[in-house]
Amino acid sequence: MGRLDALATRRFDLLVVGGGIVGTAIARDAVLRHLSVALVEQEDLAWGTTSRSSRLIHGGLRYLAHGDFRLVRQDLHEREVLLRTAPHLVHPLPFLVPLYRPRSRWWLGMGLTVYDMLAFDRSLPGKRWLSRQEALQIEPALRPQGLEGAFLYYDAQAPYMERLCLENAIACAQGGGVVLTRCRAIALRVHRGQVLGVEVEDRLTGERGQVEARVVVNALGPWAEGWLGEALPRPRRPLLRLSKGVHLLLPSLTRHALVLFSPQDGRLFFVLPLEGCSLVGTTDTPFAGDPASATAEPGDVAYLREGASLAVPGIQDAPLYTTYAGVRALAFTPTRRESDVGRRHRLLDHRREGAKGLLTVLGGKATAARAIAREVVDTACGLLGWEAESRTARTLFPGAPRGEWKAWLPFQEAFLHQQANLPPTNARHLARLYGERSAEIALLVAREPSLAEPLCPHHPDILAQVRYAVQQEWALTPGDFLLRRTLIGLSPCRGLDALDKVVSEMGRALGWSPAEAQCQREGYLQEIALWNTPRV
Ligand SMILES: Cc1cc2nc3c(=O)[nH]c(=O)nc-3n(C[C@H](O)[C@H](O)[C@H](O)COP(=O)(O)OP(=O)(O)OC[C@H]3O[C@@H](n4cnc5c(N)ncnc54)[C@H](O)[C@@H]3O)c2cc1C
């Protein structure tokens, strides 16, 4: 049976094209409303912008400065929903905003007060002013000269944003939806103004097929406008502005997340903790071309390094482990510079263009994905004549613990240790990454103890995760596993120390020949080469 057969045998209510955080959130919402759903992704889940974000679940101080109170309020609410429904993947994160002379404390204090007010339903503590001495005590990496003090406030982080996206897809599949990766949507099929479905190509075999669907959602992020141009070839006003954002991965340099302001243009950017490293980002510059080709340029690295080192001097000479670049899709506004363009999404219904049943999502932050999905599926339900309310605000993600996170974590660690004899470090890591589903990995180990073998000396990940990723999480290449099911590839060793074991375990599970295994190894090296450190 070919991979496309699962898509060809029935007519779906909804076909989502694009497996980023927005597309998968739509698929999850729709399945929870009992619609029949298919999702196709040309590469891997979260392969696009979703895996290249700052990984914050936040209202966004930057958008507050732009006066976009509605967006900030919506996303602060979404932060609460995610802290509740995906506590294994979304965690509170304390931020420091160090204040250096001559920046005014008044404006910043006002802004953070408004931020707190907009988060009136929050579970996180409100902002607090720290004296210079207190700030240096809790964050000794800060440059003391000129420091007035710092604000301490809370937001949230999804270090494994890719897994949030993945868990949307898992929820979709659990509800009977079909998710197919490495499957590209090629052409839209329309008859007499009504969408019939999409022609797709299996990128593993080159086979082509039709997917019939009553509603098709274009959730292609930065690829959305290009695809639409081919699907509905008629002149239209520009829909998107693309903007590149770069991050630097450095050794861990601070104890806290920091909000800093660039001395070059006053833009706000972050220094964030990420799995034992510091992530510095991001930039916001115009981008043209294929979003897949975005890379960090020496100028991007210099901008971030110089800006950050004014507050954290250690950043100037810290070794650069790697960089990554992503492309934001911003709903088009004609005049302003990229960092001033709003982050609010737009939903287009193409019925007036002769394609009833086609919807396009433009822009929107990852934090807002659930709210965007609710609106999209509400509209789709209208087109389908189906009445059902969104259930995502109250439904737990598939791995979410059925209990309070802090109490659950040590309990689960002990359980994993007991079931599969996993050492505490590995057990804790698995519980954090997979939540309740970590028990399924422990079961693999209990049945086959050799799967407890560590993948490399400096990560707590084990061989069983590779097997599980292939069997349960759509992983088809080493990059899928090292960069998007785990963050092993986003660490000083870039995943190279684990590569042989990953290739050999995946090869066993997927039946690779030695030549195919070699090809996959080279494919991974090419994939991380795009993220390479530019020479500066
Ligand atoms: C540098 C940076 C930092 C950011 N930081 C944050 C943050 O901290 N918090 C936050 O909330 N938001 C953040 N964002 C925004 C957030 O990352 C994006 O809004 C979000 O990831 C967009 O998701 P998406 O699903 O719309 O797009 P994508 O993740 O790009 O998904 C689109 C998918 O479509 C697939 N595709 C393309 N063409 C086809 C085709 N023909 N057929 C099938 N599939 C196809 C692609 O492979 C891709 O996987 C950041 C963005 C950037 C660039």
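Being a predicted model, the structure only gives us computed values, none of them experimental. (Residues numbered from 1 in each chain as written. Predicted model: local features only at pLDDT ≥ 70, side-chain atom pairs only at ≥ 80, totals over all residues. Heavy atoms only, no water.)

Along the backbone of the protein there are 17 helices and 18 strands. Whereas a compact globule of 536 residues would reach a radius of gyration of roughly 24 Å, the protein reaches 23 Å, a difference of no more than 12%. Principal-axis analysis of the C-alpha atoms places the extent of the protein at approximately 65 × 60 × 45 Å. Looking at the protein residue by residue over its 536 residues, the buried ones come to 58%. Contacts spanning at least 24 positions in sequence make up 72% of the contacts within the protein whose residues lie at least 6 apart. Per element, the accessible surface of the protein, about 21,400 Å² overall, is 53% carbon and sulfur. Positive and negative side-chain charges in the protein, numbering 64 and 56 respectively, have mean positions lying 5 Å apart. (Helix = DSSP H or I, 4+ residues; strand = E, 2+ residues; numbered from the N terminus. Rg over C-alpha atoms; globule rule 2.2 N^0.38 Å. Buried < 20%, exposed > 50% of the residue type's maximum accessible area, 1.4 Å probe, protein only. Contact = heavy atoms within 4.5 Å. Areas by Shrake-Rupley, 256 points an atom, 1.4 Å probe, with all protein chains shown as cover. Lys, Arg positive; Asp, Glu negative; His and termini not counted. Charge placed at Lys NZ, Arg CZ, Asp CG, Glu CD.)

How big an interface is tends to be reported as the loss of accessible area on association of its parts. Split by domain assignment, the protein resolves into domain 1 (5-49 + 162-239 + 343-384), domain 2 (70-157 + 242-331) and domain 3 (405-529). Here the C-alpha centre of domain 2 lies 32 Å away from the C-alpha centre of domain 1. Contacts between domain 1 and domain 2 engage 20 residues on the former and 22 residues on the latter. Here domain 1 packs against domain 2, burying approximately 1,900 Å² in sum over the two surfaces, 62% of which is carbon and sulfur. Where domain 1 meets domain 2, there are two salt bridges. Its salt-bridge partner being Arg-370, residue Glu-78 comes within 2.8 Å of it at the nearest N-O pair. Taken together, the connections running from domain 1 to domain 2 amount to five residue pairs in polar contact (both at pLDDT 80 or more). Elements with a minimum of two residues in the side of domain 1 that touches domain 2: helix 7 (161-174) and helix 10 (369-384). With three residues, the top contributor of residues to the side of domain 1 that touches domain 2 is helix 7. Of the residues belonging to the side of domain 1 that touches domain 2, the class tally is eight nonpolar, five polar and seven charged. (Domains from an automatic or database assignment. Buried area = accessible area lost by both parts, 1.4 Å probe. Salt bridge = Lys/Arg side-chain N within 4 Å of Asp/Glu carboxyl O. Polar contact = N/O pair within 3.5 Å; in protein donor to acceptor, adjacent residues only side chain to side chain. Nonpolar A, V, L, I, M, F, W, Y, C, P; charged D, E, K, R; others polar.)

Moving on: empty space enclosed by the protein. Over the atoms rolls a probe the size of a water molecule, and in doing so it shows where empty space is left. Under the criterion given, the structure shown has four cavities of 30 Å³ or more. Counting only elements with at least two residues in the lining of the largest cavity, the list comes to helix 2 (21-32), helix 7 and helix 10. With four residues, helix 2 is the single largest residue contributor to the lining of the largest cavity. Considered class by class, the residues forming the lining of the largest cavity number eight nonpolar, three polar and three charged. (1 Å grid on protein atoms, 1.4 Å probe; cavity = no way out; pocket = protein on both sides within 12 Å on 5 of 7 lines; lining within 4 Å. Points joined across faces, edges and corners; volume = space filled by probe spheres on them.)

Moving on, we come to the pattern of salt bridges. Applying the stated criterion across every chain, the model contains 30 salt bridges. For Arg-182, the salt bridge is made with Glu-43, and the minimal N-O distance between the two is 3.7 Å. Note that Arg-182 is positioned in the loop between strand 7 (178-180) and strand 8 (183-191) and Glu-43 in the loop between strand 2 (37-40) and strand 3 (56-57), a separation of 139 residues in sequence. Relative accessible area serves as the criterion here: at 8%, Arg-182 is assigned to the buried category. Exposure remark for Glu-43: the relative accessible area of 16% places this residue in the buried category. In this structure, Lys-244 engages Asp-300 in a salt bridge whose closest nitrogen and oxygen atoms are separated by 2.8 Å. Placement of the pair is Lys-244 in strand 11 (residues 240-251) and Asp-300 in helix 9 (residues 298-309), with a sequence separation of 56 residues. In terms of burial, Lys-244 and Asp-300 fall into one category: buried. Through salt bridges that share partners, Glu-43, Asp-44, Arg-182, Arg-203, Asp-480, Arg-484, Arg-485 and Glu-527 make up one connected network.

Below, the discussion takes up helix 7. With 14 residues, helix 7 should cover 20 Å at 1.5 Å per step; its first-to-last C-alpha distance of 20 Å lies within 8% of that length. Burial of helix 7 is extensive: 12 of the 14 residues sit out of reach of the surface. Along helix 7, the residues classified as buried are Met-161, Glu-162, Arg-163, Leu-164, Cys-165, Leu-166, Glu-167, Asn-168, Ala-169, Ile-170, Ala-171 and Cys-172. Within two residues after helix 7, Gly-176 carries a phi angle of roughly 95 degrees, on the positive side. (Expected span 1.5 Å × (residues − 1).)

What follows covers the site of the ligand. Taken together, the neighbourhood of the ligand is formed by 38 residues, with Glu-41, Thr-50, Leu-56, Gly-364 and Thr-367 sitting nearest. Here Leu-56 contributes a backbone N or O atom positioned 2.8 Å from a nitrogen atom of the ligand. In isolation the ligand has 1,000 Å² of accessible area, and contact with the protein removes 95% of it. At the level of secondary structure, the elements contributing two or more residues to the shell around the ligand comprise helix 2, strand 8, strand 11 and strand 16 (322-331). Partitioned by chemical class, the residues of the shell around the ligand number 14 nonpolar, 18 polar and six charged. Taken domain by domain, the shell around the ligand gets at least three of its residues from each of domain 1 (5-49 + 162-239 + 343-384) and domain 2 (70-157 + 242-331). (Near = heavy atom within 4 Å.)

Bringing the nonpolar core into the picture now. Residues Leu-14, Ile-26, Val-90, Phe-95 and Leu-164 are the most contacted members of the largest nonpolar core, which totals 118 residues. If one sorts the elements of this core by residue count, helix 10 sits on top with eight residues. Leaving out residues up to four positions away in the same chain, Val-90 has contacts with Ile-57, Leu-82, Leu-83, Ala-156, Gln-157, Ala-158 and Leu-164. Residues Ala-38, Leu-147, Val-198 and Ala-294 belong to the second largest nonpolar core, which totals 62 residues. (Core = buried A, V, L, I, M, F, W, Y, C linked by side-chain atoms within 4.5 Å.)

Sheet analysis places strand 1 (residues 11-17) next to strand 10 (residues 208-218), joined by six bridges and oriented parallel. Pairing of Arg-11 across the sheet is with Glu-212, part of strand 10. Examined bridge by bridge, strand 9 (residues 194-202) and strand 10 share five bridges and lie antiparallel to one another. Residue pairing in the sheet places Val-198 in a bridge with Val-211 of strand 10. Pairing between strand 10 and strand 18 (residues 358-362): three bridges, direction parallel. Counterpart to Val-217 in the pairing with strand 18 is Leu-359. (Pairing = 2+ DSSP bridges.)

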